[in-house]
Structures are given as structure tokens and as C-alpha cells.
Amino acid sequence: RMDEREEGDNEEAWLQLRPVEPLPSQCCGSGCSPCVFDLYHRELARWEAARASNDRSLLSGEEPQSCPSKLSPETFLAFRISAVDRLTKDTYRVRFALPRNSRLGLRPGQHLILRGKVDDLEIQRAYTPISPANAEGYFEVLIKCYETGLMSRYVKSWSAGDTAFWRGPFGDFFYKPNQYGELLMLASGTGLAPMVPVLQSITDNAEDETFVTLVGCFKTFEGIYLKTFLQEQARFWNVRTFFALSQEKSPENLPWSFREKTRFGRLAQDLVEELVGACRRKPFALVCGSAEFTKDVARYLRCAGLAEDSYFLF
């Protein structure tokens, strides 16, 4: 009978409109809200309601923004790549253009989610912009590429003029000027990223008298990111920088300006205790690096006498 076939066609049409459940690879694992799975369940509920009342107009929801001058935590927006700089053999600084000298609208230390596509597989990863929070007309991110990483393959294919999709902002750390006596920043590798805009917001603000001790952990001297920026920041009266290099052996290989402030080996309990003890005021620690680094450093900080409300783990 004709009406049965029509019903079947209608059912088929509804099934084609059903939202597709994300793959595990599409979740960046950073605890974002909303997560890609939250968005899926929201769309699914909307689809089920529309199907139950056989009303497709219920599916339209809010229109995505066409002009990416304002970020959205829910919708991926396209941003044009204006420059790609290779900082080390595996790390890139990428600059994205913002329309009409607008600002991204992030607070220092907040992160964004990047969507990539490789071999028809969608992936999402979290990155923290390293540009100042008040930068106009652009933002920059620091991205480390790994031999076998899917997102790394996607990033390595970028060149100026390409487009990438971001959503955000996310992140629970909100820095307020003069909130802490001293910030002790402990960063490993690209974990330096969230420290950079927080540090810059302090040195850009003459009213902010927070002391900063920044410790960058890298394998080699060659591998230290943003050396010039860090050297410039260390000239401020309230900023000190130190480095822990796990694969260097001797100060002779380092420039004079780095010798006094570099330790050899990994960041361990004794050095953390020394750093906490050398703080000029009661420190609040910020920690960012691999999951293993973050877990170890949190333990060192507790052993050095810092309570759990005296540090933040990115």
C-alpha cells in the first residue's frame, strides 16, 4: 500500500537527520563544558522531540555565527592562518587572524579546542593561546607535533592562508591582578603556553605587583621555546626565570645569561622545595605539562608544604 511506503520513506528521512554519535577521538579529554558528547546528547534530544511530533522545523535550533569575531564554546568557527613559524624541529607557533582588529576574548590561561580531520577521522585537542589576552587582530598558539600523532599530521599540513576551526573558551583558572603574593609557575615543554599570557598580563600592568618565579623544564637548551620573550620578561623587577634541562650535562654549553639560572636533570622534590623556599612571598603554584609531570609536581608541592588550594593544575 502507498501509505506504508510513504511512512517508510518518512522514517528513512528521519534516520538520515539523526545526529551522528562522536567517536572517542573527537573528545579532547580536557573536561570541557560543553564536551562534544554533551552537544551530541543535546542534538539527539532535539531530534527525538522533532521526530515524535513529526516537525522538522524543531531541528534548526540556533543558527551558527557566520562571522568569527566572537568565540563560541558550542560551535566551531573558522579562523584563517596568517603565519606558521617552526620554533624547534617539532614545535610550531601558528598565528590566526581576527577580523577588524577584534580581540579573541579569552582570559589569560584559558584554552580553546581545535578540530582536525585526518583520513576522514575527526579529532579534537585543547591548546592555550600564547598571545596576550588583549592582542588585537590575531591570536597565536604553540603546537608540538609528534611522530605518530593524528593532530600532528593535520597541523604539519598547514600553511598561511589555510583555515582551521576552533571553539571555546574553556578553563577554570581566572587570574586577577595582585590576587597572589607570588606565582610559582612550573611548566614542562608546551606546558609553558598557559603561563605566557598570565605572565604578560602581570608585566603589562604597572599596578600589578605580583612576584613571578617561572621554571621551564625542557630536555635541551636548544629545545627551550620563546627564549627571547622569557629573557625580556626576566628583566622586570618582579620576575625570575629558571630552567631545568633533563638531557644537558654541563653549563659550558650554555650562553652566560643562562648558566646561573639553569639546573641539570629533571624537576625533582629537592628543587621544588628549594624553589618554594626561595619565594619572596607566600606562593600560589601553577603547573602545566604532561599528565605524569603534573601528577609528580603536585606531589612535590604538597611535600613542600603547599595546601591543595595553593596550586592549580592546568
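Every chain is numbered independently, its residues counted from 1 as its sequence is written. The predicted origin of the model limits local features to residues at a pLDDT of at least 70 and limits the giving and counting of side-chain atom pairs to 80 or more, whereas totals for whole chains, interfaces and linings rest on all residues. To get the side-chain values, all heavy atoms of the structure are used, and hydrogens and water are removed first.

Our next topic: the UniProt feature "binding site: FAD" (unreviewed entry) in the chain. UniProt positions are given in the numbering used here, feature names are shortened, and annotations may be inferred rather than shown by experiment. When the UniProt feature table is mapped onto this chain numbering, "binding site: FAD" (unreviewed entry) sits at R125, Y127, L142, K144, M151 and S152. Annotated residues spanning 28 residues; largest pairwise C-alpha distance 13.3 Å, indicating a single compact cluster. By the secondary structure assignment, R125 is in strand 4 (residues 121-127). Secondary structure elements follow DSSP: runs of H or I of four or more residues count as helices, runs of E of two or more count as strands, with numbering from the N terminus. In this structure, L142 sits in strand 5 (residues 138-144). For the exposure calls, accessible area comes from a 1.4 Å probe over protein chains only, and a residue counts as buried if that area is under 20% of its type's maximum, exposed if over 50%, partly exposed in between. In this structure L142 comes out as buried when scored by relative accessible area, which is 4%. It only takes one pair of heavy atoms within 4.5 Å for two residues to be counted as in contact. When near neighbours in sequence (up to four residues on either side) are disregarded, L142 contacts L87, T91, Y92, Y127, I130, T190 and Y225.

Another aspect to go through is the environment of W166. Mapped onto the elements, W166 comes out in strand 6 (residues 163-170). Considering only alpha carbons, one finds W166 and R93, 73 residues apart in sequence, at a separation of 16 Å.

This part takes up unusual backbone geometry. The step from G168 to P169 runs through a cis peptide bond, and the omega angle for that step is 0°. Inspection of the secondary structure assignment puts P169 in strand 6. For R100, which is not glycine, the phi torsion reads 50° and is therefore positive. Phi is positive for D120, which is not a glycine, with a value near 65°. Since its relative accessible area comes to 75%, D120 is described here as exposed.

Moving on: the UniProt feature "domain: FAD-binding FR-type" (unreviewed entry) in the chain. Under the UniProt annotation, the feature "domain: FAD-binding FR-type" (unreviewed entry) is placed at residues 74-176. Overall, residues 74-176 shows 7% helix and 48% strand. The separation of its end C-alpha atoms is 26 Å.

Quick look at helix 8 (residues 291-303) now. In this analysis, the expected span of each helix is defined as 1.5 Å times one less than the number of residues it contains. Taking 1.5 Å of rise per residue, the 13 residues of helix 8 would be expected to cover 18 Å, and the 19 Å separating its terminal C-alpha atoms lies within 8% of that figure. Taken as a whole, helix 8 has its buried residues at F293, T294, V297, A298, Y300 and L301. The buried residues of helix 8 occupy one face: seen down the axis, they fall within an arc of 165°. Counted as exposed and oriented over 90 degrees from the buried face of helix 8: A291, E292, K295 and C303. Of the surrounding elements, those touching the buried residues of helix 8 are strand 7 (182-188), strand 8 (211-218), helix 7 (269-278), strand 11 (283-288) and strand 12 (311-313). One or two residues past the end of helix 8 sits G305, with phi positive at roughly 100°. In this context, the arc is that of the directions from the helix axis out to the C-beta atoms.

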